[in-house]
Amino acid sequence: MSSSSVLTSPSPSHEVDAETDEELYKQFTDSVSSWPSSEPMPFLPLYRHDKGWYSSLMPMVGAMVADARFAARPSDIIVATLPKSGTTWIKALLYATVHRREHPADAAADHPFNSLGPHECVNFLEYQLYTNNRVPDLGRLPDPRLFATHVPFTSLPSAAAASGCKVVYVCRDPKDNLISMWDFANKFRAREGQEPMSPEAIAELFCLGVSPSGPYWDHVLGYWGAHVARPEQVLFFRYEEMKLDAAAHVRRLAEFVGLPFSAEEEEGGVVDAIVRLCSFDHMIGLEATKSGKTELVVGTAANSSFFRRGQVGDWANHLSPEIAQRIDAITEARFNGSGLRPSGTK
Ligand code: PPS
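Owing to the predicted nature of the structure, the values given are computational and were not obtained by experimental measurement.

(A) Representation of the site of the ligand in the model. Neighbouring residues of the ligand: 20 residues in total, closest Thr 87, Thr 88, Ser 180, Arg 308 and Arg 309. Take Arg 172: an N or O atom from its side chain is 2.9 Å from an oxygen atom of the ligand. A distance of 3.4 Å separates a nitrogen atom of the ligand from a polar backbone atom of Phe 280. Across the complex, the protein chains shield 97% of the 640 Å² of accessible surface that the ligand would expose by itself. With three residues, helix α3 (residues 87–98) is the single largest residue contributor to the shell around the ligand. Residues of the shell around the ligand, tallied by class, amount to seven nonpolar, nine polar and four charged.

(B) Geometry of the packing of helix α1 (residues 21–33) against helix α2 (residues 57–69). For the pair α1 and α2, interaxial distance at closest approach is 9 Å and the crossing angle is 130°. Considering the angle they form, α1 stands oblique to α2. Note on packing geometry: the crossing formed by α1 with α2 is right-handed. Facing α1, whose interface residues are Leu 24, Tyr 25, Phe 28, Thr 29, Ser 31, Val 32 and Ser 33, α2 presents Leu 57, Met 58, Met 60, Val 61, Met 64, Val 65, Ala 68 and Arg 69. Within the contact of α1 with α2, the residues separate by chemical class into eleven nonpolar, three polar and one charged.

(C) A look at the packing of aromatic side chains. By the definition in use, this model includes 15 aromatic pairs. Centroid distance Tyr 216 to Trp 217: 5.5 Å. Interplanar angle 75°. Geometry classified as edge-to-face. Since its relative accessible area comes to 2%, Trp 217 is described here as buried. For the pair Phe 280 and Phe 307, a centre-to-centre distance of 5.9 Å together with 55° between the ring planes defines the contact as tilted.

Conventions we followed
- Residues numbered from 1 in each chain as written.
- Predicted model: local features only at pLDDT ≥ 70, side-chain atom pairs only at ≥ 80, totals over all residues.
- Heavy atoms only, no water.
- Near = heavy atom within 4 Å.
- Polar contact = N/O pair within 3.5 Å; in protein donor to acceptor, adjacent residues only side chain to side chain.
- Areas by Shrake-Rupley, 256 points an atom, 1.4 Å probe, with all protein chains shown as cover.
- Helix = DSSP H or I, 4+ residues; strand = E, 2+ residues; numbered from the N terminus.
- Nonpolar A, V, L, I, M, F, W, Y, C, P; charged D, E, K, R; others polar.
- Axes fitted to C-alpha atoms, helices over the stretch in contact; angles between N-to-C directions.
- Parallel < 35°, antiparallel > 145°, perpendicular 65-115°, else oblique.
- Left-handed = near helix turned anticlockwise from the far one by under 90°.
- Contact = heavy atoms within 4.5 Å.
- Phe/Tyr/Trp six-rings, centres within 6.5 Å; stacked < 30°, edge-to-face > 60°.
- Buried < 20%, exposed > 50% of the residue type's maximum accessible area, 1.4 Å probe, protein only.

Here's what the structure looks like:
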């Protein structure tokens, strides 16, 4: 294991004796299927991993297969987020920043984003790559390879841990995170003929820690602790601060991944062009968003479903003050002493 790594699990977390990929998937599927699970929440049951976090079955299995088989490189960059905390946006910013030379953001008419959504440009390990009984061949991808995951810090693939690759994390106010998930989940539920969930019902489970890749607070604190221990390896952004000054975050992102903007690029407005290209208002109007689809192991998602309002504080339109106060109180108690301030506080 690299001496510079803060990630501490040098070998796969679960014993593996499978000979084929199918056997590996079956072994993990059987194992997860025997673990405690919730009622369909928000649209599939969530299983509780033995490290204490929740996920629906197939992404959980995919995360375990990735843990066993992903061959990481030090040059890899992994976006890590809770679902609905700004994943689509940070994927777009990272892709546009890393590939700005071959795909200039100011030539927006020719940019890959016109035909591919951010989730097709930067794939999730457990929702897109380690799925369908196969172990993908990622060896031929050029450096730097960009991946994404929703798993908690403690369940990042062991090889990523050992490689010392870079991790870009984005956290979001739990109330906005929850409302964004509530809306997304109800769209899936409608498609499956399920009744919509009320915000109160999903908030109750959220407070108990039952949410995709939750508990929310464990997820955020896990990556926050890693960032504090090794800021050059784990970058920590907040959605709310990105909204306030996206350009500053793009500069920090570029420096973090070792591709800082040159003086000529700064003068040429490259940073602003990336911010504009990846902005909510621009991306929501792209054909790839309006008519594109992304295959996820939990189902096919319309690319438009990753864009709703893209605002800070929309929770106030859906959550009662009592529920909001309950979530804030948990956040304050859980973040206390960590050095991480709850969103919305100075
Ligand atoms: S997912 O399914 O986990 O990938 O979803 P994720 O992208 O994390 O979260 C979706 C929310 O992010 C908003 N969004 C954006 N905000 C700002 N800028 C851009 N470019 C952007 N793209 C997506 C999206 O609207 C969801 O938030 P809500 O509050 O539901 O609008």
